[in-house]
Amino acid sequence: MQPMIENGIEILGMGEVNIRTSKALLGCASEKSDWDDLIKLYLSLNDLVIQCYFTPGLKDDEETERTINLLTSRGITPSMTIKNSTYSGVFHFNLSMQSSQPSWSITIPMEKISTNQDIAPVEEWFITISLQEGLYTYTTEGTLLDLSREPLLQWKLGKVMKNHVIASEINNVKAIKITKCPCANDVALVGLVGNANFSGIHIGLTYSGFWEQNDTVWYDLTSNICTFSDEECITSSVVEIVLTNHHLVILTTVGLYISADLRYPNGTLVFSRVSFCGFNSDDYIQAKLWYNEICLANQEHFEDDYMAITFSRTRSLSQLSTCFYSVTPFDNWETCLPNPRDPNIRRMKSKLLSFLIDNELNDAIYLFYDRNHSFVTVRKYVKRGPKTEQKFPSFFFPGDFHNVTGMAFHPRTHFLYVYGNQVWISYDGGNSFERVANFHDEVIIVSYHSFHSSEIIFVSQTSKLYFSKAGIKSYIELGESKYTVFAIYYDHLGTEALITLSNNDLDSLDIIPLVDNRAISQIKEDDVFDTILAPQYISMTEIIFFAYVPQNATQETRKNLRFYQHHVGRLLRLRSFGKAEITSILYHENYVGFPSSAIATIIRPFEVEVPVKSSSLLGSIIVEIYSEYLYKIVLHKAEVTPQFKNNDIGKTVVIPGRSSLLILEILNTSIALALATMPNSVPLGERIESRRWFLYHFGTMATSGWYITPSLCKHVIVHDDVQTGKHILKYLDLGSDFNFKIKVLSDVPYNIRKLNTPLIKIVVGHASLMDINTNAYFDETDGYVVEMSITNKYFRNGITSISFIVWEATVTCQTSLITLTLKSSCSYTKYMSFLPNYQISFDEWEYGSHEDEHGFNMIKTLPKNYRPPSSMGIAIPITSNFYNADPSSPKPRNYHPKSKETGIYKQCLNKTSRDECNCTTEQKMSQYIAFSDCREKVVRFMYPVIQYPIFLNIKHGDSSVPMEAPYLVTISEVNNRKNWKLKQNVTNEIKKMKEYLEKTLADKVYNPKGLNLSITGSELYHFRVTVIPGVTFCKLITEFQIYVDSAPFPFPGRLLICSITTVILGGIILSVFMVELFDVHIWLSIKNLVLRKNKIATSDSSIDLEDQ
C-alpha cells in the first residue's frame, strides 16, 4: 500500500479522545483541520512540512490571528520535540502569514531526523508539539512514522480486495487476529478467522494504527501461499498471524507459512511452508504461536526473533514433540524439549502448553500443566538450543490455579505473565511468581500489551475485560464486550481501542475507544460483594473492616461475600462521607461470621451515627455472653429513654480499645444480639457510658451505600533523562559508565504516610551483566530519590532491562513504570575519526583549490582510474584499488603484466561509464577504501612529510574524546606501500601492554597519543587505523589519505642516474690517471691528427684545380 502524502506529511485522526489526555488546543497538519487530541505524522524522502493552527474551542469570541500575533510578538512560537528510546531533537516553528489563515509552520529536512535510507526495522518516533518547550502549554501529542524504511510497507501483500467482498464475509467470521510491528505499533495487520463456510487468507493492513476511519486496505494472500493444484490450501483460512521484525508468519488451517525477508522487497510477498510431520488440519486449527515481542532496530549480533508453535493434541508414539521453535529466518524448526527421545521426557504426563525465550538471560521457559497442577521450568539456552539441566527448580502454582492458557512477556521489560483463571507475574525470569489476580471461574484466554503506556488488558472466555499496569499487582474490571467478534489494539502511543467488524464502515472495521459506551457494558465489579462490614479501629488512622457472612450462606454466597487481594490499593467509601485505602487482606476462617477482613488507612473520617437517628446512643451499655458466638448488648436508661430500633440491625457498636460488635438482632428496645469482631477483647460486664461508645453503619449497598473504587494516583515518577520518555535505551561499551537518577513525588498525607519506606521497586533483568550500585534517600522536598551508577566492567555482550516500579501506584496512575534498557555493546553512534591539522571548506573542496600559508594548493585532483605506485616502481601499480574510477577511460600505467592482472572496480563494477557508478557527494568525500572508486580529490603535501601529527578522536553522540591508552591502535597502508614510519610516545605501562599485544596480534601496536607520521615516498598513501581488540565492543576503524607531491625521482630512476654519473666520472678520472702514468701526450697526438687531416684536405683541393 502506497500512502498518499502531501508535502511529506499526512495527518490522520479520529473524533474520539484518549481518557488520559486533555483536548488539544493546537491543530497541526499540512492544511487547516478539525482533528484534535493526537496527530499522526509521516516521514518520506521529502522534507517534513507542518503547519499549526489554533483549533476552534479556545474561546468562542477569540480571534485566532490576534492571538497568534500577540504570542509571536512576545517571542512565543510552538516547538516540536521528536524522540524515541535513543534520540531526541527539538525543532522550532516560524510564523507564516502566507496562507489565508495565520499559522505557524516548520520545514524539517529529512536528514535532520533520519540519515539512513536502508529498509530495516526502525523505531517510530513520539512527537510533542507545544507553545512553550518544556512547559506543555497547548500540548498536542502524536507519532512520526518513517514510511520509506518500514519493511512491510515496501511490499505488495497480495491481491487488493474490494470492500464489498469483505462485507459479505462478516457473518462467516468467528474471530479476528491483530498483530503489529514490534518497532512501529501503528503498522498493524488484521487477519480474519472464519468458520466452516469461510475460505481464503484475508488480511487487512493499516499504517496509522486504525486512527482514521476506513483506512484499512484488505488483501487476499491465498495465491501467495497456495499453488493452484493445492485445493486444501486454497480453501484454508487464518488461525493466527504474527508480524516479527523481518518476517510475517501466518498459521492457517492447513499449515504454517513464513514470508520472505521483509527487508529486501521484491514485488509481491511470497511465503514458504513449514512442515511438521504427523499433524493434520484439526491440529493446526487448535495450534498456538508464541512470540516474545522485541524491537530489533539497530540489531546486535546477540539479538534475535524467536517463535514457537504448540499443538494441543497428545503426542503419539511416532511424534517427537508437540512443541517446536525456531529463530529468524524461521527455516529450521527444532523440538522445544531437549533430547525428545529420552525415556524420562517421553514418559512425562504434563503437557507443554507454552514456550518462550528470555532474550535478556538467554533462557528457555516452559509452561506445563496437567489435571492436578501447573508449573514453570527454566533451562539455559546455549548455542541455539536449550540444555537438558534445569536452571533452577520448577515453580509449581497452587492447586486453585487451573485452566492455565498461556504466558507472555510484557514488551521491553522482564515481566513474565502466566494467565488462566488467575494471573501471576515473575520479575526474575520464571524462578518465582507472585499473584496479580484471581478470577476464580473466569478464565483469561489472551492478553494485550502496550509498551509505551505500560497498560495490559486481559480478556476472558466470556469477553470480560480486565485492566492492569505492567509490574503492578492490581487490576480493575472494565466491563464486558458488547461484541462477540472483537480484538483489543494498542497503537504506538498506547491508545487502546476495540476492533470489531461492521457493515456500516467502508473497510468493514469499526474502531471503538474503550471509554466509549458502545464498546463495553460497564460492570460494577463488587456488585456481588454486598454485605455488612463491621469496622474495628486499630488507631486513629488505621481500621479493619470485617466482612459479615451469615452462617446459613451457600458456598457460592460465601465466595462472593469476602475481600480479595485485588481490593488492595482500592478505596472503600461511605456514600455519605468518609474513605479509607485498603492496604492488606486477612483471612480467618475460624472467625464465626467474619472469614475475611481488610486493613485500611483512613484518608477521611467516616460518618458516625448521631442520637437524632439512633436514640440508643444516649444510654450506657453492658455486654454479656448470650451464646457460644453471640453477645447480648444491654441498654441502660438515662434521663431520656434510649432504645434499640429495627433500623439498628447491621450497625456496629465501636468501643475504642475493645472489640467491635455487629448488631444482628433486636430482642427488645433495650437488648440487642451482636457478633464480636475480636472475641478475646470483648468488655464483658463493664458499663460503657454513652459517650464512650459509637455506632457506625456499613450496611449493605441498599441501606448505607458503602462501595469500593479504584484509588486515585498519589505518586509521580520523573527521571533526569527527560529527552527519551518512559523507555530509555543506553549503550555501554567496555569500561563505560552511566549515571541515572529517578525521583518519586508522593501526595500521600503525612499523617498516614509510611515513613522511611522505599517507594520504588527496582527489577533488573540480567543482574550479573554489569556492576550496578544504588543510593536511595529522601531529599529536602520529601521526594524519594534513587541514584544509580552503572559500570560495564566485563567483556561480555548482552542486554538487561532495569525497571523502576512505584509499588504503591495504582492502575489509575498514568506513569507507574520507567524502564531503562542497557546494552553491553557498541553504540551505533560511536566511531573513531581522524582530525587533520587543516581546514578545507566544502566549496573549496568542490572547486579543487585551497592554498596554505606558503601559497601551495593542498588539493590534488587524481587522474581517472588512478592507482598508487608499488615497490616495483612508480609505473608498476599492483594494488586492486582504483581511485576516481571511470570504466569508459583508459587505465594509466597498465603495461606491466602484474598491473594488468590487478585492479578491480567496486562501485563501478560492470558499469560502462562513471555516471553509472552513481557516486554521491558523501562517497566522493569519503576516505574509506570501500568508496575509492568515487574518490576524486585528496589532500596533498610537499615532499617530504616529516613528523605529521596524527590526531584521533572517539565520538559518541555529541561528545568527542581524544584517543589514548588503553585504546592502542595498529596502522597499515591499504595499498601495501612502504617508505613511511611512525614515531610514538611509550610509557612503561604502555610498553608492557604493547609487547604483549604485538606477540599476540603479530603486528606493530602504537600509542595514539602523540603519534607522528613521516613519509619519504611519493604520490598517494592510504592509511587505515584500527583499535586493538579487547578494549571495546566497537570495531573502531578510520582511514585517511595523504598525497605527497614534488618528490625526487622515485626508485629506480634516482639510483640509475647516480650509478651512470658515477661510472662516467670514474672513467674520466681513470683515463687522466693512465695518461699521466705512462706519459702519453694525448693532446699532442690529437693536435697532429687534426693538422694532418687539414693538410690532406688542402692538398686534394689543389690537385683538382690544376686538373681543371
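These remarks concern the structure in this document. (Residues numbered from 1 in each chain as written. Predicted model: local features only at pLDDT ≥ 70, side-chain atom pairs only at ≥ 80, totals over all residues. Heavy atoms only, no water.)

Looking at helix α12 (residues 988–1001)
Here α12 contains 14 residues, and its C-alpha end-to-end distance of 20 Å stays within 8% of the 20 Å for a straight helix at 1.5 Å per residue. What α12 keeps buried is the set I990, K994 and L997. For α12, the angular spread of the buried residues around the axis is 75°, confining them to a single face. Those residues of α12 that are exposed and aimed more than 90 degrees away from the buried face are N988, K992, Y996, K999 and T1000. (Helix = DSSP H or I, 4+ residues; strand = E, 2+ residues; numbered from the N terminus. Expected span 1.5 Å × (residues − 1). Buried < 20%, exposed > 50% of the residue type's maximum accessible area, 1.4 Å probe, protein only. Arc of directions from axis to C-beta.)

Digging into the sheet that holds strand β41 (residues 571–574)
One open sheet holds the six strands; their spatial order is β39-β40-β43-β42-β41-β51, and the pairing between them is antiparallel. What marks the edges here is a single partner per strand, and that holds for β39 (533–537) and β51 (706–709). Taking each pair of neighbouring strands and ignoring which way they run, the sheet shows an average axis angle of 35°. Direction of pairing for β41 relative to strand β42 (residues 579–587): antiparallel, over a ladder of three bridges. Its bridge partner lying in β42, R573 is registered against K579. (Pairing = 2+ DSSP bridges. Axes fitted to C-alpha atoms, helices over the stretch in contact; angles between N-to-C directions.)

Quick notes on the pattern of salt bridges
Per the stated rule, a full pass over the model turns up 36 salt bridges. One salt bridge connects K714 with E581, and the closest N-O pair in it is separated by 3.0 Å. Here the residue K714 occupies a position in the loop between β51 and β52 (715–719), and E581 occupies one in strand β42, the gap between them amounting to 133 residues. The burial state of K714 is the same as that of E581; both residues are buried. Between D733 and K830 there is a salt bridge, with its nearest N and O atoms 2.7 Å apart. Of this pair, D733 sits in the loop between β53 (727–732) and β54 (737–746) while K830 sits in strand β60 (residues 830–835), placing them 97 residues apart in sequence. Of the residues examined, K830 reaches a relative accessible area of 12% and is grouped as buried. What emerges from the salt-bridge pattern is a single network uniting R914, K924, E936 and K937. (Salt bridge = Lys/Arg side-chain N within 4 Å of Asp/Glu carboxyl O.)

Comments concerning the state of the cysteines
Per the stated rule, a full pass over the model turns up seven disulfides. A sulfur-sulfur distance of 2.0 Å marks the disulfide that ties C713 to C813. The S-S bond linking C713 to C813 shows a torsion near 100°; that makes this disulfide right-handed. With C713 in the loop between β51 and β52 and C813 in the loop between β58 (798–806) and β59 (817–824), the pair connects residues that are 100 residues apart, well separated along the chain. The class for C713 is partly exposed, based on a relative accessible area of 33%. (Disulfide = S-S within 2.5 Å.)

Things to note about the pairing of strand β47 (residues 661–668)
Here strand β46 (residues 651–654) runs beside β47; their pairing, made up of two bridges, is antiparallel. Opposite T652, over in β47, you have L662 as the bridge partner. Hairpin remark: β46 followed by β47, antiparallel, with six residues in the connecting loop; positive phi at G657, about 85°. Pairing analysis gives six bridges linking β47 to strand β48 (residues 671–676), with the strands arranged antiparallel. Within the sheet, the bridge partner assigned to E665 lies in β48 and is L673.

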